[in-house]
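Reading the structure
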Amino acid sequence: MVSAPAVFRRRSLLLRVRPPARILCSSSRLPRMYPHPRPGSSAEPPEKRPRLEADPPVQIQDAPAAYQAAADSSASKKQRKQKKNKKIARHAPEPYSHDDILTREVIAVLGQDYADAAKAGNLDWDAPFEHSQELELTVSCLSPSTGESLSIATANDRRWVIVTPLSLPGERIRVRVYRHSQLHSHADLLEVIEPNPQWRDMSLVKCKYFGKCAGCQYQMLSYEKQLELKRQTVVEAYRNYSSQSANVRLHDRCLTIAHPSEIPPHLVPSIQPTVGSPLQYGYRTKLTPHFQRPPFFFQKAQKRGDAPAVQAKPDWLKIGFHQVGTRQVMDIEECPIATPVINKGLAPVRDNVIKNIAKYKNGATLLLRDSLRPGSSADVEPDSTVSIAAEDGDHICVTDQKATVRERVGDTLFEYTAGTFFQNNNSALVPLTGCVRDAIFSSTPLDEGCGVAGDRPSHLVDAYCGSGLFSIMLAPHFERVAGIELSTESIRAAQRNAELNNLSPTKVSFMAGDAAHIFNAVQDFPRDRTVLVIDPPRKGTDEVFIEQMVAFGARTVVYVSCNVHTQARDVGLILRKSEEEAAAAGGGRKYILESLRGLDLFPQTAHVEAIAVLRLM
């Protein structure tokens, strides 16, 4: 049997599978780190096989002209198809997608004028480096969206950005290029030649897979440094909407380029410090490890009926998460950022896959969710049907997508279906909801401009309410609460959660539907005493919702987001629509951006939540 590296095509990108390097660091020159070579790399060639005795040469007669013409036509069609595919692959990425945000950051490093000149000369996709070429670089800064490093490499009087994981500003690194994109290339980290001792502390790392698993980026940084970087992520996302184009470095982070003005700089308040998570490890209440389909030789053997019985885990079966920079799955037997009960449940879940791997024709994603034990609270009836992978005190590990999960946030109990959305860091939910509460009820000089000084908010509208986290946690502070969510399953959970916490339907109500429809149901809410909470998915909200939101005119809007880039876009649109409506009314009230801050729900990663507060004045 001949083995070859797997090749995956996803969204017209060719990703070659390879195990990444293990990153080891010390204060002295670091040991070399070589990932397994990619196809076509300059690594050691395999030992040559003995040459077989050659057979007599075979004389091949030229094919008839008609056949040659057909072959030429086929080759021509193939070349046109390849060119077409190449052209498709070079289309601009979807706005605010991962690739789009990274490209903006790359342009910030190179400079807008240089990027424009490269595009005008059709050089923005023409990488000056070969695949598998090794380079020595000095890291310029970190990408705020990914936590990867950005370094400028020069070749033939051209500047090009190299994106590399697990390296820090000021470090001298050796890398191997493996994929090209617009104005930048991605590379494996082979060696940290000169580390940054002010930032890097490998004694902080608690995971044996760090440097290989793509899950975490910041374990080698102090938590204070992580929070500082996440604050800068919020700063840079909103700088995209500055009316001034700039290529600025702040705290060794690259500030992204400006686009046509949505939020003039003087309207963006100073970004407050990032709120930290009470737990930095052992916090994650949900894991979704996965595995890929069995290899073809195994599936063919199954069809023939002669597949060997699986007694132990085959070498080809990997159950875990993606390797750094690839779509290839690596084995993960424990995850230090997951809660204790999930780590206990991971072993039996893996064993079950190994025992039943012959039944799988495709890969699968597994689910492990931390839940309170059924019946552990007096107000919850025991449930004998829950599938439990592990137990740890009052906590169990649930693996069934349709099972009921129970969590306490402070003194408030929540239930939801395991396969639906709920925030994955229980320890940070009290700080999160507390930040939203404090933002709503903070007394500021802006209240005087609202003309309602002293009038306490009394009504809450919760768009994208999910299972009712904000509605129910904030309900004691309001006379009436209304929530809306597209998922009917989540609405049933929200209604159940209101019952569990003794909230009457006349005080707290939920409806299923598009978020924009919520305003039709709350026309009787007094605008000057109403608060709107928005917590949309990563793609953000849309213009229809924003137009209806502005027309409704809630006194306070709190926008919570898991994607600060789409939040910045939406806030810019809210401010513009509000100003247009005020101008059309001959000088009416308009929204202003009062405060911005990040909140860390995922320590050891580059991810940050963002909370924006807008007031009508």
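Now for a description of the structure that goes with this document. Only a predicted model underlies this, so the values are computations on that prediction, with no experimental measurement involved.

Once that is clear, we can look at the packing of helix α4 (residues 223-239) against helix α13 (residues 564-584). Where α4 contacts α13, the axes come no closer than 9 Å and their chain directions differ by 40°. Relative to α13, the element α4 is oriented oblique. Our pair here, α4 against α13, has a crossing hand that is right-handed. Each of T233, V234, A237 and Y238 in α4 lies in contact with α13, whose residues at this interface are V564, H565, Q567, A568 and V571. For the contact of α4 with α13, the residue count by class is six nonpolar, three polar and no charged.

This brings us to the packing of aromatic side chains. When we look at a pair of aromatic rings, we describe it by the centre distance and by the angle of the planes. Tallied over the entire structure, the rule returns eight aromatic pairs. Note on F441 and F478: the rings are 5.5 Å apart at their centroids and 40° apart in plane angle, and the pair reads as tilted. Separated by 37 residues along the polypeptide, F441 in helix α7 (residues 429-441) and F478 in the loop between α9 (469-474) and β22 (480-485) bring together distant segments of the chain. Grouping aromatic residues by their ring pairs yields a cluster made of Y464, F519, F545 and F552. One Lys or Arg, R159, reaches over the ring of Y114 and ends 4.1 Å from the middle of that ring.

What follows concerns the sheet that holds strand β16 (residues 368-372). Spatial ordering of the open sheet is given by β11-β16-β18-β17, a layout of four strands whose pairing is antiparallel. Every other strand in the sheet has two partners, leaving β11 (286-287) and β17 (388-392) as the edge strands with one partner each. For β17 and strand β18 (residues 395-398), the ladder comprises four bridges, and the chain directions are antiparallel. Within β18, the position partnered with E391 by the bridge is I396. Of the strands in this sheet, β11, β16, β17 and β18 touch helix α6 (residues 340-355), which is tilted by about 145° from β17.

So, about the pattern of salt bridges. Applying the stated criterion across every chain yields a total of 25 salt bridges. K230 is the salt-bridge partner of D600, the closest N and O atoms lying 2.6 Å from each other. Highlighted residues: D600 in the loop between β26 (591-599) and β27 (609-616) and K230 in helix α4, separated in sequence by 370 residues. A residue is classified by how much of its surface remains accessible, and D600, at 0% relative accessible area, is buried. Looking at K230, the relative accessible area reads 0%, which means it is buried.

A separate point is the pairing of β18. In terms of strand pairing, β16 meets β18 through four bridges, oriented antiparallel. Note that in β18 the partner of D370 across the bridge is C397. Between the end of β17 and the start of β18, which pair antiparallel, lie two residues, with G393 showing a positive phi angle near 65°.

Reading guide: rules and limits
Every chain begins its residue count from 1, and numbering advances along the sequence as written. For a predicted model such as this one, the threshold for reporting local features is a pLDDT of at least 70, and the threshold for listing and counting side-chain atom pairs is 80 or more; totals across whole chains, interfaces and linings nevertheless cover every residue. Hydrogens and water are ignored here; the side-chain numbers use all heavy atoms of the structure. Note on definitions: angles span 0 to 180 degrees between N-to-C directions of axes, and those axes are lines fitted to C-alpha atoms, for helices only across the stretch in contact. A run of H or I in DSSP becomes a helix once it reaches four residues, and a run of E becomes a strand once it reaches two; helices and strands are each numbered from the N terminus. The cut-offs work like this: below 35 degrees is roughly parallel, past 145 is roughly antiparallel, 65 to 115 is roughly perpendicular, and the gaps in between are oblique. By definition, any crossing whose near helix is turned counterclockwise from its far helix by less than a right angle is left-handed, and any crossing with a clockwise turn is right-handed. Contacts are assigned to residue pairs that have any heavy atoms within 4.5 Å of one another. Charged means Asp, Glu, Lys or Arg here, nonpolar means Ala, Val, Leu, Ile, Met, Phe, Trp, Tyr, Cys or Pro, and polar covers whatever is left, Gly included. Note on aromatic pairs: the rings of Phe, Tyr and Trp (six-membered ring only in Trp) are paired at centre separations within 6.5 Å, and the planes decide the class, stacked below 30 degrees, edge-to-face beyond 60, tilted for the rest. Whether a charge sits over a ring comes down to the Lys NZ or Arg CZ being within 6 Å of the ring centre and within 35 degrees of the ring normal. When DSSP finds two or more bridges between two strands, those strands count as paired. Salt bridges are defined as contacts in which a side-chain nitrogen from Lys or Arg sits within 4 Å of a carboxyl oxygen from Asp or Glu. For every residue, the accessible area obtained with a 1.4 Å probe (protein chains only) is divided by the maximum for its type, and the residue is called buried under 20%, exposed over 50%, and partly exposed between those limits.

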